[in-house]
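The lines below spell out each chain.
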Amino acid sequence: MALIDVHNHILSQAWVDLLTAHGGHRYHIATDMEGRRVIMRKAARFMSLTDAMFDPGMRLAAMDEVGVETQLLSYTCPNCYWADGKMAEQVARVMNDHMAEVCARWPRRFRGLGSIPLQDVELALKELERCVDQLGMVGLIILANVNDVLLDDARFEPVWAELNRRRLPVLLHPTVPPGFDAMGMDKYGLIASLGFMVDTTLAVTRMVLAGVFERYPDWPLIVGHAGATLPFIAGRLDQCHRFIPDTRQFTSKLPSEYLKRLYYDTVTYDADALHLAYTLAGPERLLYGSDYPHNIGDMKGCADRVTALPIPEAEKELIRAGNAKRLFRL
């Protein structure tokens, strides 16, 4: 069975131009020591711009080489969260319209995960409806914090309720974590290597303990990068839940029970880490992803690590494409 890639990214020059013109209060574009264009948060580098992000033709060649039949495209971080006021609506529409145009041109190869400006919940709900009902998006991408506001904040409840009502799949993707500079992540490229793992782990753990997934059990959430550190610390979360009353105010089950209901992609660079995600969630909740075309993306490696898993071939086929077909109704 061919691969369906649920975690990969696209950008447009229009988005770069808007970020350059209106996003300087949060982000700016610089050039690194090897001449690459990179997006900076203050003094911290966290994302490199690559040619393939802007060129669908380059994507098709890379997909064919590895055997990826379809990519579910999404705009990477910082997505549209940096835009304020009326600009938020304009940026989100530019992003989603561009995504819809690419998917319409290559409908068999690309489907879209829409972006919604969570910094304005009313606007986010409006754009969610437009993405799905008008533009034909099959899901959404949401970042793990919204300009340092964590996702268990009560302001986001209407969004989770609507996602739950629609049973709409969502890819949860990290961004610059709150307090990154206080944690010393403004050097050595630590946002991508460490900060993203912290951001995802903190977001999902807080959502679990806040009871988000107990209140909204029908919302399929795909946790990016094989769950960050969640498969490794699930047992620790359970142990703390047993002995620390603060952790069980809003839930009726152990944290791992909620984690087992979530979905996880295969974007990890270690076979043992991928097997941990498999052990936590099982074969029906793992989906192939590559993080293409980030400079650390690994389309072939992520596929090879699925092949190397010591599991039945039928389960590998679920991970490669079967689960994505079911979840996104492809």
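Chains are numbered independently. Their residues run from 1 in the order of the written sequence. Where local features are concerned, this predicted model is filtered to residues with pLDDT of at least 70; where side-chain atom pairs are given and counted, the filter is 80 or more; whole-chain, interface and lining totals use all residues. Note that water and hydrogens are dropped before the side-chain values are worked out from all heavy atoms of the structure.

Visitor: Would you explain the overall build of the chain in this entry?
Guide: Only runs of H or I of at least four residues qualify as helices and only runs of E of at least two qualify as strands under DSSP, and these elements are numbered from the N terminus. A tally of helices and strands in the chain yields 12 helices and 13 strands. On C-alpha atoms alone, the chain measures out to a radius of gyration of 19 Å, which is about the 20 Å that the 2.2 N^0.38 rule sets for 330 residues. In terms of overall dimensions, the chain has a C-alpha envelope of 50 × 45 × 40 Å along the principal axes. Think of it in three bands: residues with accessible area under 20% of the maximum for their type are buried, residues over 50% are exposed, and the middle band is partly exposed, with areas taken using a 1.4 Å probe on protein chains only. Counting over 330 residues, the chain shows a buried share of 58%. Two residues qualify as a contact provided that any one of their heavy atoms is within 4.5 Å of a heavy atom in the partner residue. Within the chain, contacts between residues at least 6 apart in sequence are counted, and of these 71% link residues at least 24 apart. Accessible surface area values rest on a Shrake-Rupley calculation with a 1.4 Å probe, where residue burial reflects the displayed protein chains alone. Of the roughly 13600 Å² that the chain leaves accessible, carbon and sulfur atoms contribute 53%. Think of it this way: Lys and Arg go in the positive column, Asp and Glu in the negative one, and His and the chain ends go nowhere. All charge positions are set by atom: Lys at NZ, Arg at CZ, Asp at CG, Glu at CD. Here the chain contributes 36 positive and 41 negative side-chain charges, whose respective centroids are spaced 3 Å apart. For the radius of gyration, the atom set is restricted to C-alpha positions; the globular benchmark scales as 2.2 Å times the number of residues to the power 0.38.

Visitor: Got a minute to help me understand the packing of helix α6 (residues 190-209) against helix α8 (residues 230-243) in this structure?
Guide: In helix packing, the relevant descriptors are the interaxial angle and the interaxial distance, both defined with respect to the helix axes. Following both chains from N to C, one finds α6 and α8 inclined at 40 degrees, their axes separated by 11 Å at the closest point. Here α6 is positioned oblique relative to α8, judged by the angle of their axes. For the element pair α6 and α8, the recorded crossing hand is right-handed. Within the contact between the two elements, α6 uses Thr 201, Val 204 and Thr 205 and α8 uses Leu 230, Ile 233 and Leu 237. To define axes, lines are fitted to C-alpha atoms, for helices over the stretch in contact only, and angles between the resulting N-to-C directions are given on a 0 to 180 degree scale. For this classification, under 35 degrees means roughly parallel, over 145 means roughly antiparallel, 65 to 115 means roughly perpendicular, and everything else is oblique. When the near helix sits turned anticlockwise from the far one by under a right angle, the crossing is termed left-handed; a clockwise turn instead gives a right-handed crossing.

Visitor: Which parts of the structure should I look at to understand unusual backbone geometry?
Guide: Here the amide bond leading from Cys 77 into Pro 78 is cis, since omega sits at 10 degrees, within 30 degrees of zero. The residue Pro 78 is located in the loop between β5 (68-75) and α3 (86-105) in this model. A cis amide bond, omega 0 degrees, links Tyr 292 with the succeeding residue Pro 293. Locating Pro 293 in the fold gives a position in the loop between β13 (286-287) and α11 (299-308). The backbone phi angle of Ala 228 is positive, close to 55 degrees, even though this residue is not glycine. With respect to the helices, strands and loops of the structure, Ala 228 is situated in the loop between β11 (221-223) and α8. Its identity as a non-glycine residue notwithstanding, Arg 329 has a phi of 55 degrees, on the positive side.

Visitor: Hey, could you run me through the nonpolar core in this one?
Guide: As a rule of thumb, soluble globular proteins bury nonpolar side chains together. Each nonpolar core is a collection of buried residues, namely Ala, Val, Leu, Ile, Met, Phe, Trp, Tyr and Cys, held together in the definition by side-chain atoms within 4.5 Å. By size, the foremost hydrophobic cluster in this structure holds 98 residues, and its most contacted members are Trp 15, Ile 142, Trp 160, Leu 163 and Leu 259. Residue contributions to this core peak at 9 residues, all from α3. Sequence-distant contacts of Trp 15, that is, excluding residues within four places in its chain, are made with Ile 39, Tyr 75, Pro 78, Asn 79, Trp 82, Val 91 and Met 95. Grouped together as the second largest cluster of nonpolar side chains are 14 residues, Leu 72, Leu 113, Ile 222 and Leu 327 included.

Don't take any of this as a statement about function, it's just geometry.
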